[in-house]
Amino acid sequence: METDLMQKIKEMKDWLVEIRRRIHMYPELGFEEIETSKLVCEWLDKFGIQVKRGLAKTGVIGILEGKEPGMTVAIRGDMDALPIGEENPVTYASKINGKMHACGHDAHVAILLGVAKFFSSIRNQVKGNIKWIFQPAEEGGGGGKIMVEEGVLENPRVDAIFAAHVFPFLPIGKIGIYEREGMAAADRFTIKIIGKGGHAASPHASRDPILAAGHLITQIHSIVGRNVNPLESAVITIGMISGGTAFNIIPDEVELSGTVRSLNLQIREELRSRIEQISRGIAQSFGMGYRFDFEYGYPFLINDRTMSKLVASACSKGIGGENVEVLRPSMGGEDFAYYLEKVPGAFFRLGIRNESKGIVHPYHSRLFDIDEEVLPFGVEMLVRVIDEYLNLNLTHTELS
Ligand SMILES: [Zn+2]
Ligand SMILES: [Zn+2]
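The notes below deal with the structure included here. Residue positions within a chain follow its written sequence, with the count starting from 1. As a convention, the first chain written is A and the first ligand written is 1, with the rest following in written order. Side-chain atom pairs in this predicted model are given and counted only at pLDDT of 80 or more, local residue features only at pLDDT of at least 70, and totals for whole chains, interfaces and linings cover all residues. Heavy atoms from the whole structure form the basis of all side-chain values; hydrogens and water molecules are not counted.

The criterion is simple. A nonpolar core is a set of buried Ala, Val, Leu, Ile, Met, Phe, Trp, Tyr and Cys residues joined through side-chain atoms within 4.5 Å. We call a residue buried when its accessible area falls under 20% of the maximum for its residue type, exposed when it is over 50%, and partly exposed in between, using a 1.4 Å probe and counting protein chains only. Among the nonpolar cores identified, the biggest contains 70 residues, and F119, W132, F134, F162, I175 and F348 are the most heavily contacted of them. Starting at the N terminus, helices and strands are each numbered in turn, a helix being any DSSP run of H or I of at least four residues and a strand any DSSP run of E of at least two. If one sorts the elements of this core by residue count, helix α11 (residues 374-390) sits on top with eleven residues. What F119 contacts, discounting residues up to four positions off in sequence, is L64, V126, I130, W132, V383, I386, L392 and L394. The next biggest cluster of nonpolar side chains, apart from the first, holds 27 residues, and it includes Y178, L327, A337 and Y338. By definition in these notes, contact holds between two residues if any of their heavy atoms fall within 4.5 Å.

So, in structure tokens, the structure goes:
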């Protein structure tokens, strides 16, 4: 019965906190998650869940085959930390200088293990298969892309996939779901303006790439305002500029690089071609050369509408519809997009904000922390989603 589900999850809280803190104290960067994945394997093993390791270097898969055949549902958690130092005055703060779990991936690992613990305890009631995907390198390394390329969605073939990410903009106890567009495509560009260096007092004898860069920057910022439909979303940010060695020397070259975010293919291509056109035009008008590089990053994260509805309805059964919020898309990137390109599924958010505990800091901040109530809460939400997808009726029938 419902109370058994809640009881089992309540009982694992201290264990969840211990696991999360252990991972939090020893953060590992992308593709270096050796100890974290070892811990994952050890627990899955203890739960009698079949373990496969070695995908994308440090990735781990857990598979639980139910008593009866049925659909295969996967849940994904990421394991990597970030290269920043923690400033939280807590006993479980990072013990590794310059590395920190500042995006909550430590919580994701603990939550997925909690779901594994739960289902392994009622395995005779599972129809179909459950697959746990622990991936490396979400923070820019594209670990998810490699996991997909290396076959994580096969054997058994995944019919639907879900991921929950902690979210500091929603209070604890709430979830947020994207109906369709969730996260932006996040691409990168670099422009080199090739002028001709010389003495600062004889500009006529050189071609000044710094002046050209100034024009380039202002023109690039006209793209979102003048070329993109005002009802659509796009971002262009130039985050880096370098050129010059001294105050009285005109340099040979200036290099700029930045990021481009969009929510659909047409705008993605429009932004790319306009940035290149403007770079070419500016270089030409100043009589200079240029080089333009565009690197495609994480694709758009697009939820399947039916799966989003399933998440909303499954979670509502536990927390009530008033605690399920529909979120507007974010211009951030997320490599769960690679899984959603292949199979239907949904990415949703778990609220962690709690002003009374000082949990208010944004992602990637040195003061980022979670309200640990999200650990059992996250387990409950994912259990409910799996229950609903596999049609197990756990929340209605007696649990053994
Ligand atoms: Zn992050
Ligand atoms: Zn993250």
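Next comes the rest of the write-up.
Right, let's talk about the sheet that holds strand β6 (residues 175-177) for a bit. Read from one edge to the other, the open sheet built from eight strands follows the order β1-β2-β4-β3-β5-β16-β6-β15, with strand pairing classed as mixed. A single partner strand is all that each edge strand has here, and the edge strands are β1 (50-55) and β15 (324-326). Across the sheet, the axes of successive neighbouring strands diverge by a mean angle of 25°, strand direction being ignored. Whether two strands pair depends on DSSP finding at least two bridges between them. In terms of strand pairing, strand β2 (residues 59-65) meets strand β4 (residues 127-135) through six bridges, oriented antiparallel. Directly across from I61, in β4, lies its bridge partner I133. Angles here are taken between N-to-C directions and fall from 0 to 180 degrees, while the axes themselves are lines fitted to C-alpha atoms, restricted in helices to the stretch in contact.

Turning to the coordination of the zinc ion (ligand 2), a few remarks are in order. Only nitrogen, oxygen and sulfur atoms within 2.8 Å of the metal, or 3.2 Å for Na, K and Ca, are treated as donors, and water is left out, so sites may look incomplete. In this structure, C103 (SG), H105 (NE2) and H165 (NE2) serve as the protein donors to the zinc ion (ligand 2), at separations of 2.1 to 2.5 Å. Read in sequence order, the donor residues for the zinc ion (ligand 2) give the motif C-x1-H-x59-H. In this structure, the zinc ion (ligand 2) lies 3.3 Å from the zinc ion (ligand 1), and both are coordinated by C103. Note on accessibility: C103 and H105 belong to one class, buried.

Moving on: the coordination of the zinc ion (ligand 1). C103 (SG), E139 (OE), E139 (OE) and H364 (NE2) make up the full set of protein donors to the zinc ion (ligand 1), lying at 2.1 to 2.7 Å. Four donors are marked tetrahedral only if all angles between them lie between 85 and 135 degrees, whereas four are marked square planar and six octahedral if opposite donors are more than 155 degrees apart and the other angles lie between 65 and 115; the remainder are marked irregular. In this structure, the zinc ion (ligand 1) is surrounded by four donor atoms whose angles at the metal cover 52 to 147°, and the resulting shape is irregular. Counting gaps between the donor residues of the zinc ion (ligand 1) yields the pattern C-x35-E-x224-H. Owing to a relative accessible area of 8%, C103 belongs among the buried residues under this scheme. Among the residues examined, H364 registers a relative accessible area of 40% and is labelled partly exposed.

Before going further, it helps to spend a moment on the packing of aromatic side chains. Centre distance within 6.5 Å is the pairing criterion for rings of Phe, Tyr and Trp, where only the six-membered ring of Trp is used; planes under 30 degrees apart are then read as stacked, over 60 as edge-to-face, and the remainder as tilted. A full pass over the atoms with the stated rule returns 14 aromatic pairs. Site record: aromatic cluster; members linked through ring pairs are F167, F169, Y363 and F368. Directly above the aromatic system of F31 lies the positively charged group of K57, at a separation of 5.5 Å from the ring centroid. We call a charge positioned over a ring when the NZ of a Lys or the CZ of an Arg lies within 6 Å of the ring centre and within 35 degrees of the ring normal. Between the NZ or CZ atom of K117 and the centre of the ring of W15, over which it lies, the distance is 4.3 Å.

All right, on to the packing of helix α2 (residues 13-25) against α11 then. At a minimum axis distance of 9 Å, the contact between α2 and α11 shows a crossing angle of 110°. By the criterion of interaxial angle, the relationship of α2 to α11 is roughly perpendicular. Packed against α2, whose contacting residues are K13, L16, V17 and R20, the element α11 presents L375, P376 and V379 at the interface. Here the residues of the contact of α2 with α11 sort into five nonpolar, no polar and two charged. Oblique is the label for every angle not falling under 35 degrees (roughly parallel), over 145 degrees (roughly antiparallel), or within 65 to 115 degrees (roughly perpendicular). By the convention adopted, Pro, Cys, Tyr, Trp, Phe, Met, Ile, Leu, Val and Ala count as nonpolar, Lys, Arg, Asp and Glu as charged, and the other residues, Gly among them, as polar.

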